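# Inside the fold
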Amino acid sequence: MGEYTTSAVLIIPTAQRDAANALAEAMGWGAGCYSVPLSATGAEPATHYGLHSWVEQSFVEMLGAAGDGSMPPDLIAAGYPPEDFAAVLGSLGSSIRAGETDPAGHFAEVYAAHGLALVEGEEEPA
Amino acid sequence: MSILPGVVASMVEGAPPTPTFAISLGTHNRIDPSSISPSVPPWLTASGFTITTNAGGPVVYEYISGAWHVVSGTFPDASGFGTWTQGENTAAITYTNAKTETTFQVAANNLFRSGAPGGAWDFSDPTTLFQDAAGTVPVTGFNQPVGHVLDLSGNGYHLTQSAAASRALFTDTLPNGKPSILFDGVDDLLSVANFDLSSTDKVTVFAGVRKISDATISGVLGTGVSLGGKFHLGAPRIAGVGNVNFGASGLSTFRNARFDGVPAPFSFVVVGGANLLQSQVSIRVNQNAPIFSTGSTGGGTFAGSTTFTVGYSVWPFNGYLTSLVVLGREATSDETASMTAIINQQIGAW
């Protein structure tokens, strides 16, 4: 594995969340990657879910190729449905930033640009 | 040249049939391999050896990646890592000019060798870190994700993260350049299920922390903020306010001890303490006087079979951690002094 030095923010509509999580899992990212609830007002229910991750250059290249309609060979070999891949990519909001030193700020910029706000947690610190 | 008597060692586990040798260890210390003469024999890089004393032991050591590690054994005295008396045994080989050094791992081993519940994790030591949740792909350099952290307490509470997007990053970007892991303030966390402190009503938490932002509430670690034997470290506890908070609950009330006036960015060694029976919750930040909360917690013990989270799940932590101990008992003043000094060497708070 290489260096994870590029900041990536991905946002998906709730309707596509299961497919997006399945896609991430098929890529070897594990289950439940889209974990941060978002909505226009910050109130429940979440209309979108987001993630922040440090990624390798290979992921940046894969995302770029996917934007051109190319499905990664690993996903094809794994039998991931091409129609699901197209649906997820078609509704995915993404921001890739090299040299980012403020990942939380990066994440906030991106969801704000999509007209979204964090759905605050229910558990208040006592 | 100092002759270091008192310990006779015998080789085990495939080590060559070399003569016995002697080393001397002060309380809470280990041998610094770089300080000894002759140099560490190469066969020790992959094998263990046993030290036997008249008073106790044996203690099995292993030399891994430039450090001595205790594999197993009981030390001959109750006060520390082992102090041997001159004249107990003879030795055929002597390491000379040895100086001693205490590591986080050795200190953590001392804290838990009496069987206390809890866990200890050294995020600055890549030999204890893995990139994947299963613990099969080791961290080999900076800017790699951390999906598995070994528990050094012996209690088996290894921290994991199965989602790649939620893994903290092993980094050297602390101001002092020392290694640590960085939580992104969005979705990074590590956790372990079935974390059981139900046998105790006391807990002591040590951590080396650097918070990056006070913009939002930030949960550094804990089992939650609800009732029933939970505890929590927040930095900050209140959005937009530069503070650090340690809280704990008994059966009826969650009590907080809060240290104010420390805006981000801020590096600190924190000692959080809770005694549910005596209804005392405390926080000590760096070398400042501790802050106490003494209202009733309702008593009881800490929770069993709960999930312990580092980075927290509701209020994500934005900052660095070098190391962490959750000790299911009250630490002694000597233990506290030793561990805080060790953690400060990592985080560089003062």
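Since we're looking at a predicted model, the values are computed, not measured.

Rules and cut-offs
Residues numbered from 1 in each chain as written. Chains lettered and ligands numbered in written order. Predicted model: local features only at pLDDT ≥ 70, side-chain atom pairs only at ≥ 80, totals over all residues. Heavy atoms only, no water. Helix = DSSP H or I, 4+ residues; strand = E, 2+ residues; numbered from the N terminus. Rg over C-alpha atoms; globule rule 2.2 N^0.38 Å. Contact = heavy atoms within 4.5 Å. Areas by Shrake-Rupley, 256 points an atom, 1.4 Å probe, with all protein chains shown as cover. Pairing = 2+ DSSP bridges. Axes fitted to C-alpha atoms, helices over the stretch in contact; angles between N-to-C directions. Salt bridge = Lys/Arg side-chain N within 4 Å of Asp/Glu carboxyl O. Buried < 20%, exposed > 50% of the residue type's maximum accessible area, 1.4 Å probe, protein only. Expected span 1.5 Å × (residues − 1). Buried area = accessible area lost by both parts, 1.4 Å probe. Polar contact = N/O pair within 3.5 Å; in protein donor to acceptor, adjacent residues only side chain to side chain. Nonpolar A, V, L, I, M, F, W, Y, C, P; charged D, E, K, R; others polar. Parallel < 35°, antiparallel > 145°, perpendicular 65-115°, else oblique. Left-handed = near helix turned anticlockwise from the far one by under 90°.

## Digging into the overall build of chain A
- Along the backbone of chain A there are five helices and five strands.
- A globule of 126 residues ought to have a C-alpha radius of gyration of about 14 Å, and chain A, at 15 Å, matches this closely.
- Dimensions of chain A, computed from the C-alpha atoms along their principal axes, are close to 50 × 30 × 25 Å.
- Restricting the contact set of chain A to residue pairs at least 6 apart, pairs at least 24 apart contribute 71%.
- Carbon and sulfur atoms form 53% of the exposed surface of chain A, whose accessible area is close to 6,000 Å².

## Some remarks on the sheet that holds strand 2 (residues 36-39) of chain A
Residue and element names in this part refer to chain A.
- Read across the open sheet, the five strands follow the order 4-1-3-2-5; overall the sheet is antiparallel. Looking at strand neighbours, the two that pair on one side only are strand 4 (93-98) and strand 5 (117-118), the edges of this open sheet.
- One ladder, built from three bridges, connects strand 2 with strand 3 (residues 48-55); its direction is antiparallel. Looking at the pairing, Pro37 lines up with Tyr49 of strand 3.
- Set on the sheet, helix 2 (residues 57-67) makes contact with strand 1 (6-13), strand 3 and strand 4; between it and strand 4 the angle comes to about 140 degrees.

## A word on the pattern of salt bridges
Residue and element names in this part refer to chain B.
- Tallying each qualifying case throughout the model produces six salt bridges over all chains.
- Measuring nitrogen to oxygen at the nearest pair gives 3.0 Å for the salt bridge that ties Lys202 to Asp201.
- Residue Lys202 is classed as partly exposed on the basis of its relative accessible area of 26%.
- A salt bridge links Glu335 to Arg329; the shortest N-O distance between them is 2.9 Å. Accessibility classification places Glu335 together with Arg329 in one group, the buried group.

## Describing helix 2 (residues 333-347) of chain B
Residues and elements named next belong to chain B.
- The first and last C-alpha atoms of helix 2 sit 21 Å apart over 15 residues, in line with the 21 Å expected at 1.5 Å per residue.
- The set of residues buried in helix 2 consists of Glu335, Thr336, Met339, Thr340, Ile342, Ile343, Asn344, Gln346 and Ile347.
- In this structure, the buried side of helix 2 is in contact with helix 1 (104-112), strand 9 (118-122), strand 17 (202-211), strand 22 (266-275) and strand 26 (318-327).
- One or two steps after helix 2, the chain reaches Gly348, where phi turns positive at roughly 70 degrees.

## Some details on the interface of chain B and chain A
- Taken together, the contacts link 27 residues of chain B with 26 residues of chain A.
- When chain B packs against chain A, close to 2,200 Å² is buried across both sides, 59% of that on carbon and sulfur atoms.
- Where chain B packs against chain A, one counts zero salt bridges.
- The tally of links between chain B and chain A comes to five residue pairs in polar contact (both at pLDDT 80 or more).
- Mapped onto the side of chain B that touches chain A, the elements with two or more residues apiece are strand 11 (144-146) and strand 21 (254-260) of chain B.
- For the side of chain B that touches chain A, the class distribution of residues is 14 nonpolar, 10 polar and three charged.

## Observations concerning the packing of helix 1 (residues 17-26) of chain A against helix 4 (residues 82-91) of chain A
Residues and elements named next belong to chain A.
- At a closest axis distance of 9 Å, the pairing of helix 1 and helix 4 adopts a crossing angle of 110 degrees. When the axes of helix 1 and helix 4 are compared, the pair comes out roughly perpendicular. Crossing of helix 1 against helix 4: the hand is left-handed. Contacts between helix 1 and helix 4 involve Ala19, Ala20 and Leu23 from the former and Phe85, Val88 and Leu89 from the latter.
- Tallied by class, the residues present in the contact of helix 1 with helix 4 amount to six nonpolar, no polar and no charged.

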